[in-house]
Amino acid sequence: MYTAHPDRYADMPYRRTGRSGLKLPALSLGLWHNFGPDRPVGTQRAILRRAFDLGVTHFDLANNYGPPPGAAESALGEALKADFAPYRDELVISTKAGYLMWPGPYGEWGSRKYLLSSLDQSLRRMSLEYVDVFYSHRPDPETPLEETMGALHSAVVQGKALYVGVSNYSPEQTREAARILAGLGTPLLIHQPRYSMLDRRPETEGLLDTLEELAVGSIAYSPLEQGLLTARYLDGIPEDSRAASDSPFLSSDAVTGELVGKLRALDAIAKDRGQTLAQMALSWVLREGRVTSALVGASSPRQLADSVAATGNLSFDAGELTRIDEVLAA
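Source: prediction; values computed, not measured. (Residues numbered from 1 in each chain as written. Predicted model: local features only at pLDDT ≥ 70, side-chain atom pairs only at ≥ 80, totals over all residues. Heavy atoms only, no water.)

Asker: What should I look at first to understand the packing of aromatic side chains in this one?
Answerer: Each pair of aromatic rings is reported with the distance of its centres and the angle of its planes. All told, the structure shown has 9 aromatic pairs when counted by the stated rule. An angle of 55° between the planes, with centres 6.2 Å apart, marks the rings of Trp-32 and Tyr-65 as tilted. One end of the pair, Trp-32, is in the loop between strand E3 (27-30) and helix H1 (41-53); the other, Tyr-65, is in the loop between strand E4 (58-60) and helix H2 (71-84), and 33 residues separate them in sequence. Of the residues examined, Trp-32 reaches a relative accessible area of 27% and is grouped as partly exposed. When the centroid spacing of 5.9 Å and the interplanar angle of 80° are considered together, the rings of Phe-59 and Phe-84 count as edge-to-face. Here Phe-84 lies in helix H2 and Phe-59 lies in strand E4, a separation of 25 residues in the sequence. Ring-pair connections join several aromatic residues into one group, and the members of that group are Tyr-2, Phe-52, Phe-59, Phe-84 and Tyr-87. (Phe/Tyr/Trp six-rings, centres within 6.5 Å; stacked < 30°, edge-to-face > 60°. Helix = DSSP H or I, 4+ residues; strand = E, 2+ residues; numbered from the N terminus. Buried < 20%, exposed > 50% of the residue type's maximum accessible area, 1.4 Å probe, protein only.)

So, in structure tokens, the structure goes:
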């Protein structure tokens, strides 16, 4: 029987999400490609246990995470029953719907039928009565935003979600979503954008400014840019890496000599800070307090603990930020 570490809240920073009362850990655990039938159940449960012992109280999923789709939610459901039933009220569990989940015209995007049906399926897979946060995973160009946001509001009214969020929405779409939700009486809690040192669109396109103005929280996914911002690619492409596989998320063409040179220069800055490259990349995303939490994946408890160690040094001096910007701009 698993018993959580008594000092699990001692070191993890928690940040308030927008103007809400909900605090999230600076690092949250994403259950994506490492939680499916092709991964040992013992390893999956060990990662979840280690995360909670280190103060990572937020587990983030989507209906299609796995593979196959739904597998990550099913894996979490088994772990919740086996290990975390006494701790449900100490956990924040989120899921999303928006990408293809089942065949036919009602299996993706942002219709009311799809979103609420998907949420019901997610709750069954996780054996939960509610999720803490339910997201629209992507904007639907053919469904009125009023319908999509109305479905999120209904999830809250029905008691199946406590809060709602959006992911991959533009600043303009986010502003309109927040307006519609406010009119319904269900505030927009959080936005989940892709954000890293190598992908700064939330800065350059004004999303972070918009979220700050609206008092909406943010949680960054891919802060390590599919593993590029780790030590794995400092000498090129390892044979067992994601870039060397047929992964649709990271092509070998992306790992150019120019990029490897930048990664090595960033690694030198990280060493000067007493961090690994991955730790510095996570600290950088969290550096100004504008991002509520950063999502990390993990293939082992040790890798998860290494990521959490980044929270021990989240500040940068002006010289360090200048050096990083110069490397990235070169």
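Once you've had a look at it, read on.
Asker: What am I meant to see in the pairing of strand E10 (residues 293-296) here?
Answerer: Here is the key point about a regular strand: its side chains alternate between the two faces of the sheet. What you see with E10 is no split at all: Ser-293 and Leu-295 on one side and Ala-294 and Val-296 on the other are buried throughout. By the bridge criterion, 3 bridges tie E3 to E10 in an arrangement that is parallel. Opposite Leu-29, over in E10, you have Val-296 as the bridge partner. When strand E9 (residues 217-220) meets E10, the two strands line up parallel, connected through 2 bridges. The residue of E10 that forms the bridge with Ala-220 is Ala-294. (Pairing = 2+ DSSP bridges.)

Asker: For this particular structure, what's the right way to read empty space enclosed by the protein?
Answerer: Any empty space left between the atoms is revealed when a probe the size of a water molecule rolls over them. One pass over the full model with this rule turns up 1 cavity of 30 Å³ or more. By volume, the largest cavity amounts to about 30 Å³. Lining the largest cavity are Tyr-195, Leu-208, Val-285, Arg-287, Glu-288, Arg-290 and Val-291. Considering only residue class, the lining of the largest cavity consists of 4 nonpolar, no polar and 3 charged. (1 Å grid on protein atoms, 1.4 Å probe; cavity = no way out; pocket = protein on both sides within 12 Å on 5 of 7 lines; lining within 4 Å. Points joined across faces, edges and corners; volume = space filled by probe spheres on them. Nonpolar A, V, L, I, M, F, W, Y, C, P; charged D, E, K, R; others polar.)

Asker: Would you mind showing me how to read the nonpolar core here?
Answerer: Here is a general trend for soluble globular proteins: nonpolar side chains tend to be buried in one another's company. Grouped together as the largest cluster of nonpolar side chains are 90 residues, with contacts concentrated most on Leu-29 and Leu-266. Considering every element that reaches this core, the biggest residue donor is helix H9 (residues 277-285), with 7 residues. Beyond its immediate sequence surroundings of up to four residues, Leu-29 is in contact with Ile-47, Leu-48, Ala-51, Val-56, His-58, Phe-59, Asp-60, Leu-295, Val-296, Gly-297, Ala-298 and Leu-304. Within the second largest apolar cluster, 9 residues are counted, among which are Leu-22, Val-92, Ile-190 and Leu-295. (Core = buried A, V, L, I, M, F, W, Y, C linked by side-chain atoms within 4.5 Å. Contact = heavy atoms within 4.5 Å.)

Asker: Is there a simple way to explain helix H10 (residues 301-308) in this structure?
Answerer: Residue pairs three or four apart in sequence face the same way in an α-helix, which turns once every 3.6 residues. Inspection of H10 places Leu-304, Ser-307 and Val-308 among the buried residues, and these make up the whole buried set. Buried residues along H10 cover an arc of 100° about the axis, so they all sit on one side. Of the surrounding elements, those touching the buried residues of H10 are E3, H1, H9 and E10. (Arc of directions from axis to C-beta.)

Asker: Explain the environment of Ala-309 here, please?
Answerer: As for its position among the elements, Ala-309 is in the loop between H10 and helix H11 (318-329). Overall, Ala-309 belongs to the partly exposed group, its relative accessible area being 45%. In this structure the C-alpha to C-alpha distance between Ala-309 and Pro-141, which are 168 residues apart in sequence, comes to 40 Å.

Asker: Would you explain the sheet that holds strand E7 (residues 161-167) in this entry?
Answerer: Strands in a sheet are paired, the pairing made by backbone hydrogen bonds, and the direction either parallel or antiparallel. Taking strand neighbours around the barrel as the criterion, the 8 strands line up as E3-E4-E5-E6-E7-E8-E9-E10 in a closed arrangement whose pairing is parallel. Taken over all neighbouring pairs, the strand axes of this sheet differ in orientation by 30° on average, direction set aside. Across 4 bridges, the pairing between E7 and strand E8 (residues 188-192) is parallel. Within E8, the position partnered with Val-164 by the bridge is Leu-188. Packing of helix H3 (residues 112-126) onto the sheet brings it into contact with strand E5 (92-97) and strand E6 (131-136), and relative to E5 it is tilted by some 140°. (Axes fitted to C-alpha atoms, helices over the stretch in contact; angles between N-to-C directions.)

Asker: Honestly, the packing of H2 against H3 in this entry has me stumped. Any pointers?
Answerer: Pairs of packed helices are described in terms of their axes, by the angle between the two and the distance that separates them. Across the interface, H2 lies against H3 with an axial gap of 7 Å and an inter-helix angle of 40°. Of the possible angle classes, the one that applies to H2 and H3 is oblique. Of the residues in H3, those touching H2 at Glu-73, Ser-74, Leu-76, Gly-77 and Leu-80 are Ser-122, Arg-125 and Met-126. Partitioned by chemical class, the residues of the contact of H2 with H3 number 3 nonpolar, 3 polar and 2 charged. (Parallel < 35°, antiparallel > 145°, perpendicular 65-115°, else oblique.)

Asker: When you look at the side chain of Gln-226 in this model, what are you seeing that I'm missing?
Answerer: Mapped onto the fold, Gln-226 is located in the loop between E9 and helix H8 (257-272). Of the residues examined, Gln-226 reaches a relative accessible area of 11% and is grouped as buried. A polar contact of 3.3 Å, which involves the side chain of Gln-226, links it to the side chain of Ser-222. (Polar contact = N/O pair within 3.5 Å; in protein donor to acceptor, adjacent residues only side chain to side chain.)

Asker: Please explain H9 as it appears in this structure.
Answerer: Among the 9 residues of H9, 9 are classified as buried, and the element is accordingly described as predominantly covered. For H9, the full list of buried residues reads Leu-277, Ala-278, Gln-279, Met-280, Ala-281, Leu-282, Ser-283, Trp-284 and Val-285.

Just distances and angles here, no functional claims.
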